[in-house]
Amino acid sequence: MSASGVAVLLSWLSCCGSALWRYSSNSPNYHIFSTRSTIKLEYEGTLFSEWSVPGTCSIKNKRSPKTELRCSSPGIQIIKPIVTGPDLEEERYLSVDSSHTCFLWYYKVINFTNNLTQVIIIWIYDPENADPSELLWNANEPSLNSIILSKQLATLGQKPAIYTILRRKVYFPHRKMKNGTWHISIPMTADDVLKEIRGNQVAFQDCFTADIFFLLTFFLLTIPEIPGFLPVSSPQGSQLMADWAACVPSFVVVVADMETFQTNDSFRTWTRIRVPPNILTDDERHSVSDVTLSQDGIFFLINGILYFKNYNAFKGLGSNVNLPDGGIIGITSRKWCWINYLLKDKGRRSSMAIWTENEVYLGYALLKFVKIITTEKLKELLNMSSAATLTIHNVEYTGHPLELALLLNYCITCNIIKTIYLVIYNEDTEQWVFQDFALDVTTDTFLIPNFIYSAMPELILWDKHRIYYYYHNFTDTGVLQTPTEFGNLSRLSHNSTIHDVFMDYYGNIVVKMENNVMFYFKINIKDAVKLHLWTNSTIKSLISLNTSGKMYLIHVFENGTIYPQEYPLKLEAQSIAFKTKEKCPYMAFHNDIFRAFYLLDKGQNLSVWAQIVYPENIGLYIIVESYGPKILEEKNQVHYEIASGYCTKTMTVTFSQNINYEAVDDYFKLQYQNTGLLLVHVRPSEHAKTCPVSQKVFQISVGCDANKFIAVKGFDKKECLQHDFFYIIEKSYLRDRPSKHLRVKYNWEKYGCPLRVDFREKFHPVVQLYNDNGYVEDVEVNFIVWEIHGRDDYSFNNTMKKSGCLHEAQTWKSMTELNKRVPLEEAWGPENYKHCFSYAIGKPGDLNQPYEIINKSNHNHLVWPLGHSGMYVFRVKILDPNYSFCNLTTIFAIETFGVIPSPSAYMVAAFLFLLMLLFFSILVLSYFHYLRIYREYIYEPLHKSERKQKNN
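Sequence positions are assigned chain by chain, starting from 1 and proceeding in written order. Since the coordinates come from a predicted model, pLDDT governs what is reported: local features require at least 70, and pairs of side-chain atoms require 80 or more to be given and counted, while whole-chain, interface and lining totals use all residues. The basis for the side-chain values is all heavy atoms of the structure; hydrogens and waters are excluded.

A. Expanded view of the overall build of the protein chain. Runs of E in the DSSP output that reach at least two residues are strands. Runs of H or I that reach at least four are helices, and both are numbered from the N terminus. Regarding its fold elements, the protein chain presents eleven helices and 63 strands. When accessible area is computed with a 1.4 Å probe and restricted to protein chains, residues below 20% of their type maximum are described as buried, those above 50% as exposed, and intermediate ones as partly exposed. Burial status across the protein chain gives 50% buried among its 952 residues. Carbon together with sulfur atoms contributes 53% to the accessible area of the protein chain, which is approximately 46,000 Å² in total. Think of it this way: Lys and Arg go in the positive column, Asp and Glu in the negative one, and His and the chain ends go nowhere. Think of each charge as sitting on NZ of Lys, CZ of Arg, CG of Asp or CD of Glu. One finds the centroid of the 91 positive side-chain charges in the protein chain at a distance of 7 Å from the centroid of its 94 negative side-chain charges. Using a 1.4 Å probe, accessible areas were evaluated by the Shrake-Rupley method; residue-level cover was limited to the displayed protein chains.

Right, dumping it as structure tokens:
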């Protein structure tokens, strides 16, 4: 949006309604609010006289409703407008820093869909001397000041890098600075969206460059506007409703009472969503009661029917996709982002929930819907009376990545009072758990739940006037209190009703009323404070998250335009806290939990620490709580010290699993029982609204890491000449001794490049473990190999006796005889492995047999036949049952050479037969040949001589 457009919208904001004032800075998200910052003041109303500012601050024009302020001294600055008349305007206590951070990173993203990469163009800019396009964040190239500043800092050693928070990867500029910008190329990802631009600690004129967080994923397209299509909206006079992608909060859809809007960049740009004519009536087009955004498109709930809009179509959904044709009362999507999670049973997770009064459906990708429960079935599960009335009140996803909560209406007579119950459904285990939750309300009360970002099931509920809190797994409950009016927020906001409740990952909770009055509290806090007025009561607005994960306001105007406005929640909360004298009970709360997801395999453990610093004689401590199956052991160690009147407590927590999976009765059942998903949070024992972070939440999954794989050292799949290649395996070399030779086509893509080995050389495979980040370790544990095409003309150099066996070890022959009805690859594995190093297991047997188990240190090698060469394609399987939950296998190929092949006996016999046949044939032919000569030269010459004499 242009600067003139912004000015018009700001004038619209101040055109009417009650008087208020606000402030802003040139730094995005108020990231820099210091003695160097220009603070812009703006008063809305007609009674303005002048500004009252402290002597340490200089104001440009104190009698102008819109002016600029600079404060030369850090600290709390009391600022308020002086107005004519008996009423007084509220004052703010602005916290001005003395930071040496003056510059910011600016980035622009160019998407290349052909190779799924993104090029990030980065430069440095000074918010106080930036171009207007840079301040509005729509610049395509750096301004002249930014070019000079970036080059100057680059000569001093400044260089940016992009760090990903979830996968811990780092990307650097791929070439030198060009025109004052750096270029960094990164792959498009859906599971590594949180990124940070960091630079070196380089100062210019005592000023540093601040690091910046931002969200970046695949390029998400908004649905384009099509000429001739008609608006779709909520009923006239309705409040705004919105939904956004949980892991990409900048991808938003907003429904107003005149249009529907969509954005992929937190409304820096946006489009209108319209529908084709002749599908909906005019009344239906203006009757949207709920909206949900998914990767497939946008879902609208209109008069009890679910409609779907994407790039290509707009259609109603019903029995054609396993949904009811009417009677739908609500839809919802996930609110919290869990990119990684472990599924034990099901291969997918739902993205939305749809419900009627008596049925609940889950929605998946590609418009797949499944009914999961009915109220009649719930009555049976919960042992409720058949005479009672049970209906679905509301549905919401919890903070758990795999759980869904149902609020149920329960009553007998249903005249005045009904009871709200809560059940939680786990999508993976498909179990319903009735919670210790019961709330009596009037029959006309409608409650909206919102689960907190927490490990335990914690939520807040609200009706039109009050907020109900349920903390610590429903053990701490009540009504959110206010300084007056006993928690009735409507009485403190000119009888307005609650419009929406906003929560972020830092524990901040903002309650927004329909007239834009806002209240603030944090999780685990039981009282709220009223924030300063920020938005005019006549403007329709909504709270959302921007690309930096910060709260901002969305304003929709009657002319069908939309305008985003940053909101300084931290500064506003600090202003109220200074007035109420509220302080955080601790000085600092630190931890080393840098990830939201940890995956533990067999034998692995996780250690984290948290530290709290607080004034002595307060008695704070650290609380660690977990929610999920009891599959991990937890050990805590607390270190305590005190100095200079402050106490420091450091808690180290270790999560581990110590289970022996070897030689158990049911290996797979034991694995299943000890895998799962555990949510953990670490928090201080006391909280306050002024504390920066309430708690740290993370997930521990115990199970198989799908990104983990093994490979044999020294083998490659690319660095060889690939061509069509067939070879023959003689039937005598095959395990099953078939009647025919086996012809095999070599699969280069699957088998990789074969390793050529002299037939006199023994081969010891070294197995290595990898994940998506690369090499992890050499595998030390036992593994087995077998030729996948059935060859058995190879052996091992170690015998069972040489390997130290006390009884006969397992072999392929013995295991296939025990498991005749299963494929070869399933006959032997970690599920039935038994070692040979104990007298208590097995029988003595013949210990001179080859030992067919290999590990890195037992020096067991593959030995090749001396009489012939060949191509061997082996599969490797990890045999140790305590190594991994994954079935780790890989393939490698060996081609032996150097053998002069010995002729076949059949071929020798055939050759000798042919040779003898040829000899006798020549002998016979010679006989007749010499016989003819004898006749010609012995008898015939005598007759000829007599005849000659007579003639003479």
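B. How the structure looks around the packing of aromatic side chains. Two rings from Phe, Tyr or Trp (for Trp, the six-membered ring) form a pair when their centres are within 6.5 Å of each other. A pair whose planes differ by under 30 degrees is stacked, one over 60 is edge-to-face, and the rest are tilted. Overall, the coordinates contain 56 aromatic pairs when judged by the stated rule. Geometrically, the ring pair formed by Phe725 and Tyr746 is tilted, given 6.1 Å between the ring centres and 50° between the ring planes. Taken together, the positions of Phe725 in the loop between strand S53 (709-712) and strand S54 (726-729) and Tyr746 in the loop between strand S55 (742-745) and helix H8 (748-751) put the pair 21 residues apart, joining distant regions of the chain. Cluster of aromatic residues (ring-pair linked, three or more members): Trp21, Tyr23, Tyr30, Phe33, Tyr43, Phe48, Trp51, Trp534 and Tyr567. Criterion for a charge above a ring: Lys NZ or Arg CZ within 6 Å of the ring centre, and within 35 degrees of the ring normal. Positioned above the aromatic ring of Phe885 is the side chain of Lys602, whose terminal nitrogen or guanidinium carbon lies 5.1 Å from the ring centre. Over the aromatic face of Phe726 sits the side chain of Arg743, whose NZ or CZ is 4.0 Å from the ring centroid.

C. Representation of the nonpolar core within the structure. What is meant by a nonpolar core is a set of buried Ala, Val, Leu, Ile, Met, Phe, Trp, Tyr and Cys residues, joined one to another through side-chain atoms within 4.5 Å. One finds Val785, Leu862, Trp864, Phe874, Ile878 and Phe892 to be the most contacted residues of the largest nonpolar core, which totals 37 residues. Here, two residues are considered to be in contact whenever any of their heavy atoms come within 4.5 Å of each other. Filtering out sequence-adjacent residues up to four positions away, Ile878 remains in contact with Ile710, Val767, Val779, Val781, Asn782, Phe783, Pro830, Tyr883 and Leu888. Ile39, Leu41, Leu69 and Ile576 belong to the second largest nonpolar core, which has 32 residues in total.

D. Representation of the sheet that holds strand S63 (residues 889-897) within the structure. Taken together, the four strands give an open sheet; going across it, the order is S56-S63-S62-S59, and neighbouring strands pair in mixed fashion. The open sheet has two edge strands with one neighbour each: strand S56 (755-758) and strand S59 (783-787). Strand-to-strand twist of the sheet, defined as the mean angle between neighbouring strand axes without regard to direction, takes the value 35°. Any two strands are treated as partners once DSSP identifies two or more bridges connecting them. As judged from the five bridges shared by S59 and strand S62 (residues 871-878), these two strands associate in the antiparallel manner. Paired with Ile784 across the two strands is Lys877, which belongs to S62. Think of each axis as a best-fit line through the C-alpha atoms, taken over the contacting stretch in the case of a helix, with angles from 0 to 180 degrees between the N-to-C directions.

E. Up close: the pattern of salt bridges. Salt-bridge detection follows one rule: a side-chain nitrogen of Lys or Arg within 4 Å of a carboxyl oxygen of Asp or Glu. Applying the stated rule across the entire model yields 30 salt bridges. Across the pair Arg272 and Glu225 runs a salt bridge, and its minimum N-O distance is 4.0 Å. Of this pair, Arg272 sits in strand S20 (residues 271-272) while Glu225 sits in the loop between strand S15 (212-215) and strand S16 (230-231), placing them 47 residues apart in sequence. Note on Glu225: relative accessible area 40%, which makes it partly exposed. We note a salt bridge from Glu625 to Arg683, for which the minimum N-O separation is 3.3 Å. Highlighted residues: Glu625 in strand S48 (residues 622-627) and Arg683 in strand S51 (residues 676-684), separated in sequence by 58 residues. Taking the relative accessible area as the measure of exposure, Arg683 reaches 5% and is therefore buried.

F. Inspection of the state of the cysteines at higher detail. The term disulfide is used for any two cysteine sulfur atoms that are within 2.5 Å. For the coordinates displayed, the defined rule picks out eight disulfides. Cys247 shares a disulfide with Cys337; S-S distance 2.0 Å. As the torsion about the S-S bond is roughly 100°, the Cys247-Cys337 disulfide counts as right-handed. In this pair, Cys247 is assigned in the loop between strand S17 (241-245) and strand S18 (248-255) and Cys337 in the loop between strand S26 (330-333) and strand S27 (352-355), connecting sequence segments 90 residues apart. A relative accessible area of 22% means that Cys247 is categorised as partly exposed.

G. Broad picture of a nonpolar patch on the surface. Taken together, Val908, Phe911, Leu912, Leu915, Leu918 and Ile922 make up a surface patch of nonpolar side chains, about 560 Å² in accessible area. Along the polypeptide, Leu918 turns up in helix H11 (residues 905-951). Residues with no salt bridge and a relative accessible area higher than 30% make up the patches, which join like charges within 9 Å and nonpolar side chains (Val, Leu, Ile, Met, Phe, Trp, Tyr) within 5 Å.

H. Geometry of the confidence of the model for the protein chain. Per residue, pLDDT measures the predictor's confidence, with a range of 0 to 100. Model confidence for the protein chain is summarised by a mean pLDDT of 92, while 96% of its residues fall at 70 or above. Every residue in residues 942-952 is under pLDDT 50, and counting partners more than four places away or in other chains gives zero contacts.

I. Spotlight on the side chain of His400. Its place among the elements puts His400 in the loop between strand S30 (389-397) and strand S31 (403-411). In this structure His400 comes out as buried when scored by relative accessible area, which is 6%. Each polar contact in these results corresponds to two N or O atoms within 3.5 Å; when the atoms are within protein, one needs to be able to donate a hydrogen and the other to accept it, and residues that are neighboring in sequence are counted only if both atoms are side-chain atoms. Among the polar contacts made by the side chain of His400, one reaches the main-chain amide nitrogen of Leu402 at a distance of 3.0 Å. Beyond its immediate chain neighbours, meaning those up to four positions away, His400 contacts Arg334, Trp338, Asn426, Tyr627, Leu677 and Leu679.

J. Spatial organisation of the side chain of Thr648. Structurally, Thr648 is set in strand S50 (residues 646-656). Those residues in contact with Thr648, other than ones at most four positions away along the chain, are Gln611, Ile612, Val613, His639, Tyr640 and Glu641.

K. Summary view of helix H5 (residues 375-382). Among all positions in H5, only Thr375, Leu378 and Lys379 are buried. The buried residues of H5 occupy an angular sector of 105° when projected down its axis, which confines them to one face. Residues of H5 that are exposed and angled more than 90 degrees away from the buried face: Glu376 and Glu380. Where the residues of H5 are buried, they touch strand S29 (368-374), S30, S31 and strand S33 (431-442). Positioned one or two residues after H5, Asn383 has a phi angle of 55°, which is positive. Each C-beta atom gives one direction from the helix axis, and the arc is the one those directions make.

L. Spotlight on the sheet that holds strand S58 (residues 774-778). With antiparallel pairing, the three strands of this open sheet are ordered in space as S53-S57-S58. The sheet is open, and its two borders are formed by S53 and S58, each paired with just one other strand. Neighbour-to-neighbour, the strand axes of the sheet open up by a mean angle of 40°, direction not taken into account. Of the strand pairs in this sheet, strand S57 (residues 767-771) and S58 are connected by four bridges, and their pairing is antiparallel. Bridged to Asn771 within S58 is Gly774.

M. Just unusual backbone geometry, in detail. Unusually for a residue other than glycine, Asn383 sits at a positive phi of about 55°. By the element assignment, Asn383 lies in the loop between H5 and S30. Residue Asn383 is classed as exposed on the basis of its relative accessible area, which comes to 69%. The backbone of Glu430 shows a phi angle near 60°, a positive value even though the residue is not glycine. As for its position among the elements, Glu430 is in the loop between strand S32 (417-426) and S33. The exposure class assigned to Glu430 is partly exposed, which follows from its relative accessible area of 49%.

N. Fine view of the environment of Ser25. By secondary structure assignment, the location of Ser25 is in the loop between strand S1 (20-24) and strand S2 (39-44). With a relative accessible area of 13%, Ser25 lands in the buried category. Sequence spacing of Ser25 and Leu912 is 887 residues, and the spatial spacing of their C-alpha atoms is 102 Å. Apart from residues no more than four positions distant in its own chain, Ser25 is found in contact with Tyr30, Ile32, Phe33 and Thr38.

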